[in-house]
Amino acid sequence: MSPESGEMLMGEIAPRFRSAIHRCVRTLGCEDSDELVQDGIAMSAQMLSNVERAGKQVTPGNIACYTILHLKSGRRNTGASRADVMACGTQLDSKSALMSTEEEVGYDPELDEAITLGSLLAVQHEDPATAGGRNVDWDAFLGSHDYRYGVIVAGMLEGESLSETARSSGLSYLTLGEVKVKLADDLREFMRASAVLDALKVPTWRANLVADREKAACKADRRRW
């Protein structure tokens, strides 16, 4: 594209988009008018380039008009598919619809709050990678220390008291008590002092979901006012 066409694009065509697109082009999904303006500029640049190669003359109004018509029909700079379920053209044809993960699909009387689509789709149990990493750490720790550490930990996982573990394992209660104290010291040294805090910390991926939900709730509140 020549410098003259570039000046026409940014000086005469782009201002038309900024004044018209927010009024006459329907946004879909997460789109906004600013994004559509950028799409229009990119599409117009391609049009101007094609016109120059063909040796034709056009006016800024022609390019702006055709670009806006393309945007209204669902075409975007990234494509004009009407088969992709997420494409704008497919949605305009009412063949698909995108729903927000914050869309309310029910109500939970026990929690006294709405049930959102995201809460139904999100995995409620912990991240498998976190669980796997923790198992590797425990295997390394128990495999390199006193076998009685494994007996105590297994008893704790079963919900047994120290006396119950002692009876089931045939070991002395006093001995296990001393071993348990040493287990705590060795575990703190092996896992570091921050291990408990790390285990209780909300995973980053879940914290991001919570932040997104809170942001969406704040926007909804502002729209109500």
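Structure: above.
Now for a quick tour of the structure.

Describing the overall build of the protein chain
- Counting its regular elements, the protein chain contains 11 helices and 2 strands.
- When the helices and strands of the protein chain are read in sequence order from the N terminus, they spell out α-α-α-α-β-β-α-α-α-α-α-α-α.
- Counting over 225 residues, the protein chain shows a buried share of 24%.
- Sequence separation of 24 or more characterises 51% of the internal contacts of the protein chain that already satisfy a separation of 6 or more.
- Accessible surface computed for the protein chain: about 15,500 Å², of which carbon and sulfur atoms make up 55%.

Section: the side chain of Arg76
- Summarising the element assignment, Arg76 is placed in the loop between helix 3 (60-72) and helix 4 (88-92).
- The contact partners of Arg76, leaving out residues within four places of it in the chain, are Arg26, Glu31, Leu36, Asp39, Met43, Leu71 and Cys88.

Details of the pairing of strand 1 (residues 104-108)
- Across 4 bridges, the pairing between strand 1 and strand 2 (residues 113-116) is antiparallel. Bridge pairing in strand 2 places Tyr107 opposite Ala114.
- Counting the residues between successive antiparallel strands, the hairpin from strand 1 to strand 2 contains 4 residues, one of them, Asp112, with a positive phi of roughly 55°.

Details of the pattern of salt bridges
- Taken as a whole and judged by the stated rule, the model has 5 salt bridges.
- Two residues, Arg148 and Asp146, come together in a salt bridge whose shortest N-O distance is 2.7 Å.
- The exposure class of Arg148 is partly exposed, given its relative accessible area of 23%.
- We note a salt bridge from Asp185 to Arg188, for which the minimum N-O separation is 3.4 Å. Of the two residues, Asp185 and Arg188 both sit in helix 9 (residues 173-191), 3 residues apart, roughly one turn of that helix.

Looking at the state of the cysteines
- For the structure shown, the criterion picks out 0 disulfides.
- Not part of a disulfide, Cys24 finds its nearest cysteine sulfur in Cys65, a span of 9.6 Å.
- A residue is classified by how much of its surface remains accessible, and Cys65, at 42% relative accessible area, is partly exposed.

Observations regarding the packing of aromatic side chains
- Taken as a whole, this structure holds 3 aromatic pairs when the rule is applied.
- Residues Trp138 and Phe141 carry aromatic rings whose centres are separated by 6.0 Å and whose planes lie at 85° to one another, so their mutual orientation is edge-to-face. Here Phe141 and Trp138 lie together in helix 6 (residues 128-143), a separation of 3 residues that amounts to about one turn.
- The interplanar angle of 55° and the centroid separation of 5.4 Å between the aromatic rings of Phe141 and Phe190 together place this pair among those described as tilted. One end of the pair, Phe141, is in helix 6; the other, Phe190, is in helix 9, and 49 residues separate them in sequence.
- Among the aromatic residues, those joined into a ring-pair cluster are Trp138, Phe141, Tyr149 and Phe190.

Some details on the environment of Leu69
- Its place among the elements puts Leu69 in helix 3.
- Note: C-alpha distance between Leu69 and Val25 (44 residues apart in sequence) is 8.6 Å.

Here we look at unusual backbone geometry
- Even without a glycine there, the phi angle at Ser94 is positive, about 60°.
- For Ser94, a relative accessible area of 65% corresponds to the exposed category.

Reading guide: rules and limits
- Residues numbered from 1 in each chain as written.
- Predicted model: local features only at pLDDT ≥ 70, side-chain atom pairs only at ≥ 80, totals over all residues.
- Heavy atoms only, no water.
- Helix = DSSP H or I, 4+ residues; strand = E, 2+ residues; numbered from the N terminus.
- Buried < 20%, exposed > 50% of the residue type's maximum accessible area, 1.4 Å probe, protein only.
- Contact = heavy atoms within 4.5 Å.
- Areas by Shrake-Rupley, 256 points an atom, 1.4 Å probe, with all protein chains shown as cover.
- Pairing = 2+ DSSP bridges.
- Salt bridge = Lys/Arg side-chain N within 4 Å of Asp/Glu carboxyl O.
- Disulfide = S-S within 2.5 Å.
- Phe/Tyr/Trp six-rings, centres within 6.5 Å; stacked < 30°, edge-to-face > 60°.

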